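# Coordinates in review
In case you want the letters, here they are:
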Amino acid sequence: MTARKEEAGPQGLASALVASGALQSDWLATFEAVPRDMFVPARIWPGIAAGTRQNALVDRDTDPDAWLTVVYSDIPLTTQWDDGQHTGDDVGTTPTSSNSQPHMVLSMLSDLDVREGHRVLEIGAGTAWNAALMSHRLGSENVVSIEYDPEVAKGAISNLRDAGLSPTIIVGDGRLGYPEGGPYDRVIATCSIGEVPYTWVEQTVPGGIIVAPWGTGYGGEAIARLVVGEDGTASGHFTRSSAFMRLRQQRPDRADHATYLKGQEWPGDGVKSTTALSPEDIDGWVEQFAISLRVPGTFWSVEHDTDGSYVVWFYGDDRQSWASVDYVPGATEFLVVQSGPRKLWDETEAAYRWWDEQGCPDFTRFGLTVGPDGQTPWLDLPDNPV
């Protein structure tokens, strides 16, 4: 097993991460000292690095070589489904805990820019690999990690104990932070959020940094890197795209499709029109992110057909507004139907045109400012709100 591990494993992954720029020289010794396999359970569902799809179960007890191969691949590994309610070998409905993709883990730690003596608060312990890396680098006494799920927290503590590390693990609501362990020089979230809790800002020293995956309910997500100012606000640019599981207390409460159609068959009371903008044009991750900032309080889904055509459905959080756009391969015009107080396709198309007029900015041109009264996304500079 040891020989296979060396062949599989840590050195090959480290070399790939160094080559990609994710693993910086100041984290290399820590990465080598805190092997990922110590923080991965026996049963895992490998993900796809560029997306959210999960592959079939890999079980260390039945196929240790396959398990080791995926552990030392640059992919996320789902470790829990449906808040622990799913226990079978098949994939569950919703992944709810994971060991994150190494490239993203190391990139976010680079964004965090920790220094000797820093105290760090982590939101979302998961398997505790991230907490272990920070504990090795900064000392266990300087790391606090909050985990909402008691069973996940139990596994994290066991993993850390086996690795000889002992950061403080708190079972609780990550939105509240942990003032007893503060103030903190750095805060990092390993779950996505749609709203930055102001408690995180309050518990961070001026000049401190908050790193968190952020996105609306619509789609598109990016890593926010916020610097806390003397004025009690935190502000900064997004650094890269991301795809994390949502903080449990911020999961959306969405109505089902039938609620919007009011029991009617499509098109119901919807108004028909056509558009020259293809649904494919708004399908990219950065396009979704930009649209989401201009069209708040919305989400969408796709209904595929066997011939390559599909319908994109847009829904408003008001539980009344909806729109559908029919995509047909090769078409130059697409059928639109809209209903409710908001004209969701009109809003979406206008948002896309705005993004195009700005020069198709990527994630790094966008930023976020958080204060006691809420949060404001912006483009290029904080005084240019979206």
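For the structure itself, consult the block above.
The sections below set out a description of the structure shown in this document. Each chain carries its own residue numbering, running from 1 in the direction its sequence is written. Residues qualify for local features only when their pLDDT is at least 70, as the model is predicted, and side-chain atom pairs are given and counted only at 80 or more; totals for whole chains, interfaces and linings, by contrast, use all residues. Excluding hydrogens and water, the side-chain values take into account all heavy atoms of the structure.

### So, the overall build of the protein chain
When helices and strands are tallied, the protein chain shows eleven helices and 18 strands. For the protein chain, whose C-alpha radius of gyration is 22 Å, the value lies close to the compact-globule estimate of 21 Å for 386 residues. Principal-axis analysis of the C-alpha atoms gives the protein chain an extent of 65 × 55 × 35 Å. Residues classed as buried in the protein chain amount to 49% of the 386 residues present. Taking the intrachain contacts of the protein chain between residues at least 6 apart in sequence as the baseline, contacts between residues at least 24 apart amount to 60%. Here the protein chain has roughly 17100 Å² of accessible surface; of this, 49% comes from carbon and sulfur atoms. Asp and Glu count as negative and Lys and Arg as positive, but His and the ends of the chain are not part of the count. The location of each charge is read from NZ of Lys, CZ of Arg, CG of Asp or CD of Glu. Treating the 27 positive side-chain charges of the protein chain as one cloud and the 55 negative ones as another, the clouds have centres 3 Å apart. Helical segments are the DSSP runs of H or I of at least four residues, strand segments are the runs of E of at least two, and each set is numbered from the N terminus. Radius of gyration: over C-alpha atoms. The globule rule applied is 2.2 Å multiplied by the number of residues raised to the 0.38 power. Whether a residue is buried, partly exposed or exposed follows from its accessible area with a 1.4 Å probe, protein chains only, as a fraction of its type maximum: under 20%, in between, or over 50%, in that order. By definition, residues are in contact when any of their heavy atoms lie within 4.5 Å. Only the protein chains shown count as cover for residues, and the accessible areas themselves come from Shrake-Rupley with a 1.4 Å probe.

### A look at the sheet that holds strand E7 (residues 168-171)
Paired strands are those between which DSSP finds at least two bridges. Taken in spatial order, the nine strands of this open sheet run E7-E6-E5-E8-E9-E10-E11-E17-E18, and their pairing is mixed. With one partner strand each, in any of the chains shown, E7 and strand E18 (374-379) form the two edges of the open sheet. Going from strand to strand, the sheet's axes swing by 20° on average, the running direction of each strand aside. Summarising the sheet, strand E10 (residues 222-228) and strand E11 (residues 234-241) pair through four bridges and their orientation is antiparallel. Each bridged residue has a counterpart across the sheet, and for Val 227 the counterpart in E11 is Ser 235. Sitting on the sheet, helix H7 (residues 150-162) touches strand E6 (143-147) and E7, and the angle it makes with E7 is about 170°. Note on definitions: angles span 0 to 180 degrees between N-to-C directions of axes, and those axes are lines fitted to C-alpha atoms, for helices only across the stretch in contact.

### Thoughts on helix H3 (residues 25-33)
Among the residues of H3, Trp 27, Thr 30 and Phe 31 are the ones counted as buried. Projected down its long axis, H3 shows its buried positions confined to an angular sector of 105°, all on one face. Of the residues in H3, the exposed ones pointing more than 90 degrees away from the buried face are Ser 25 and Ala 29. Starting at the helix axis, one direction is taken to each C-beta atom, and the arc is that of these directions.

### Topic: the pairing of E10
With five of seven residues buried, E10 lies mostly within the body of the structure. Note that strand E9 (residues 204-214) and E10 share six bridges and pair antiparallel. Its bridge partner being in E10, Ile 209 is matched across the sheet by Val 227.

### Details of the nonpolar core
Note on soluble globular proteins: their nonpolar side chains tend to be buried together. Only buried Ala, Val, Leu, Ile, Met, Phe, Trp, Tyr and Cys residues count toward a nonpolar core, and they belong to the same one when joined by side-chain atoms within 4.5 Å. Membership of the largest hydrophobic core comes to 51 residues, with the highest contact counts inside it found for Trp 200, Trp 214, Phe 314 and Phe 366. The biggest single contributor to this core is helix H11 (residues 344-357), with six residues. Excluding anything up to four places from it in sequence, Phe 314 contacts Tyr 218, Ile 282, Phe 299, Trp 300, Ser 321, Trp 322, Ala 323, Val 325, Leu 344, Trp 345 and Thr 348. Core analysis: the second largest hydrophobic core is formed by 45 residues, Trp 27, Phe 39, Leu 77 and Trp 129 among them.

### Re the packing of helix H5 (residues 102-112) against helix H6 (residues 129-138)
One can describe the packing of H5 onto H6 by two numbers: an axis separation of 11 Å at closest approach and a directional angle of 40°. With respect to H6, the axis of H5 lies oblique. The crossing of H5 and H6 is right-handed. Of H6, the residues touching H5 (which contributes Pro 102, Val 105, Leu 109 and Leu 112) are Trp 129, Asn 130, Leu 133 and Met 134. By definition in this entry, angles of less than 35 degrees are roughly parallel, angles greater than 145 are roughly antiparallel, angles of 65 to 115 are roughly perpendicular, and the rest are oblique. Crossings are assigned a handedness: left-handed for a near helix turned anticlockwise from the far helix by less than a right angle, right-handed for a clockwise turn.

### A closer look at the packing of aromatic side chains
When the centres of two rings from Phe, Tyr and Trp lie within 6.5 Å, Trp using its six-membered ring, the rings pair. Their planes under 30 degrees apart give stacked, over 60 give edge-to-face, and anything left gives tilted. For the coordinates displayed, the defined rule picks out 17 aromatic pairs. Between Trp 354 and Phe 366 the ring centres are 6.5 Å apart and the planes differ by 45°, which places this aromatic pair in the tilted class. Of this pair, Trp 354 sits in helix H11 while Phe 366 sits in strand E17 (residues 366-371); the two residues are twelve residues apart in sequence, bridging distant segments of the chain. Residue class for Phe 366 comes out buried when judged on its relative accessible area of 0%.

### Some remarks on the sheet that holds strand E3 (residues 77-81)
Strands in a sheet are paired, the pairing made by backbone hydrogen bonds, and the direction either parallel or antiparallel. One open sheet holds the four strands; their spatial order is E2-E1-E3-E4, and the pairing between them is antiparallel. Single-partner strands in this sheet number two, and they are strand E2 (58-59) and strand E4 (95-99). Examined bridge by bridge, E3 and E4 share four bridges and lie antiparallel to one another. Paired with Trp 81 across the two strands is Pro 95, which belongs to E4.

### A short note on the pattern of salt bridges
For salt bridges, the criterion is a side-chain nitrogen of Lys or Arg within 4 Å of an Asp or Glu carboxyl oxygen. Taken as a whole, this structure holds 15 salt bridges when the rule is applied. Of the charged contacts, one joins Arg 115 and Asp 113 as a salt bridge, the two residues approaching to 2.9 Å between their closest N and O atoms. Note that Arg 365 and Asp 380 form a salt bridge whose closest N and O atoms lie 2.8 Å from each other. A residue pair is termed long-range when its members are at least 10 positions apart, and Arg 365 in the loop between H11 and E17 and Asp 380 in the segment after E18 qualify at 15 residues. In the salt-bridge network here, residues are joined through shared partners; they are Asp 83, Asp 149, Arg 248 and Arg 251.

### Digging into the environment of Arg 225
You can see Arg 225 is positioned in strand E10. Residues Arg 225 and Ile 188, 37 residues apart in the sequence, show an inter-C-alpha distance of 9.4 Å. Arg 225 has contacts with Asp 111, Asp 113, Ile 209, Ile 210, Val 211, Ser 235, Gly 236, His 237 and Thr 239, leaving out every residue within four places of it along the chain. Contacts described as polar in this section are N or O atom pairs within 3.5 Å, which, within protein, must combine one atom able to donate a hydrogen with one able to accept it, while residues neighboring in sequence count only if both atoms come from side chains. At a separation of 2.6 Å, a polar atom in the side chain of Arg 225 contacts the main-chain carbonyl oxygen of Asp 111.

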